[in-house]
Amino acid sequence: MGTGLLVFFLGLSVGSFLNVCIERLPKGESVISPPSHCTACGHRLGLLDLVPVLSYIYLKGRCRYCQTSFSLQYPMVEMITGLLFAGAWARFGYSWNVLLAWVLVSCLTVITVADLKHMVIPDEVIIFALVTGGILLYLDSWARLKWGLASGLGAANFLALVILVSRGGMGWGDVKLAGVLGLFLGVGGTLVGLFVAFVAGALVGLSLVVAGRKGAKDLIPFGPFLSLGGLVAFFWGQEIVDWYLKLLVP
């Protein structure tokens, strides 16, 4: 079995745990206790009920014990996490970057779905990302950690200024998330990530307003757009910066 396939299965398993985080952290519940159970009937789920993706397909998306339907979120989060883990491995191979990518993918997945479902960015995920990312960057090089801290502080201050000037539109959870992205991405990557986030957010927001699904004053979670920008920048930020600089200097 190839390493990439093993990494994919690792991502599926991590995705299963991320689903627990998505459901419990916004409610202030422990992700450890009680063990995984059906939220409808309370029955504890067995090992065969917890096999990522396959158990959902085998059980046709229903609880084995009470036949309540499970959300499609569960296999989707598992599959997306598995694909992103495998993609990070293919992109970075044996390096600190692949570990950073796995941490970032995991945290941004929880943040994206939790923000969409609950309009909340869990502080526990922010703290985990900052601590784990800081340790990995330090193990890579002090210079990278130093620039990451500076970028994180700059990104957080920038979004805080946007909130103060616009008097809303984003939450302070977005400010904390911007700080995390700055830490992981560095200066150039942070600029790319924020640019992608604002462009994507504007396009989606405008589309929803035009389609009549949102009003001009309705709040739209910005965490998913920051997450998208962060992933694009982490995987391809340097290439985007190099391409842009070539346009400026033929």
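You'll find the structure just up there.
About the cut-offs
- Residues numbered from 1 in each chain as written.
- Predicted model: local features only at pLDDT ≥ 70, side-chain atom pairs only at ≥ 80, totals over all residues.
- Heavy atoms only, no water.
- 1 Å grid on protein atoms, 1.4 Å probe; cavity = no way out; pocket = protein on both sides within 12 Å on 5 of 7 lines; lining within 4 Å.
- Points joined across faces, edges and corners; volume = space filled by probe spheres on them.
- Helix = DSSP H or I, 4+ residues; strand = E, 2+ residues; numbered from the N terminus.
- Nonpolar A, V, L, I, M, F, W, Y, C, P; charged D, E, K, R; others polar.
- Expected span 1.5 Å × (residues − 1).
- Buried < 20%, exposed > 50% of the residue type's maximum accessible area, 1.4 Å probe, protein only.
- Polar contact = N/O pair within 3.5 Å; in protein donor to acceptor, adjacent residues only side chain to side chain.
- Axes fitted to C-alpha atoms, helices over the stretch in contact; angles between N-to-C directions.
- Parallel < 35°, antiparallel > 145°, perpendicular 65-115°, else oblique.
- Left-handed = near helix turned anticlockwise from the far one by under 90°.
- Contact = heavy atoms within 4.5 Å.

**As for the layout of surface pockets**
Here the largest pocket is characterised by a volume of approximately 710 Å³. If you go around the largest pocket, you meet 32 residues; those closest to its centre are Val 20, Ser 36, His 37, Leu 45 and Tyr 74. Contributing elements (two or more residues each) for the lining of the largest pocket: α1 (3–24), α2 (54–58) and α3 (73–92). Among the elements that line the lining of the largest pocket, the one with the most residues is α1, at 6 residues. The class makeup of the residues in the lining of the largest pocket is 14 nonpolar, 11 polar and 7 charged.

**A few points about helix α4 (residues 96–118)**
For α4, with 23 residues, the first-to-last C-alpha span of 33 Å sits near the 33 Å given by 1.5 Å per residue. Most of α4 is tucked away: 17 of the 23 residues are buried. Where α4 starts, the residue carrying a side-chain oxygen 3.3 Å from the main-chain nitrogen of Asn 97 turns out to be Ser 95. Just beyond α4, the residue with positive phi is Met 119, at close to 55 degrees.

**Focus on the packing of α4 against helix α8 (residues 223–248)**
Their axes nearest at 8 Å, the elements α4 and α8 cross at an angle of 165 degrees. Overall, the two elements α4 and α8 adopt an arrangement that is roughly antiparallel. α4 and α8 meet at a crossing whose hand is left-handed. Here Asn 97, Leu 100, Ala 101, Leu 104, Val 105, Leu 108, Ile 111, Thr 112, Asp 115 and Leu 116 of α4 come into contact with α8, specifically with Gly 223, Pro 224, Ser 227, Gly 230, Leu 231 and Phe 234. A per-class count over the contact of α4 with α8 returns 10 nonpolar, 5 polar and 1 charged.

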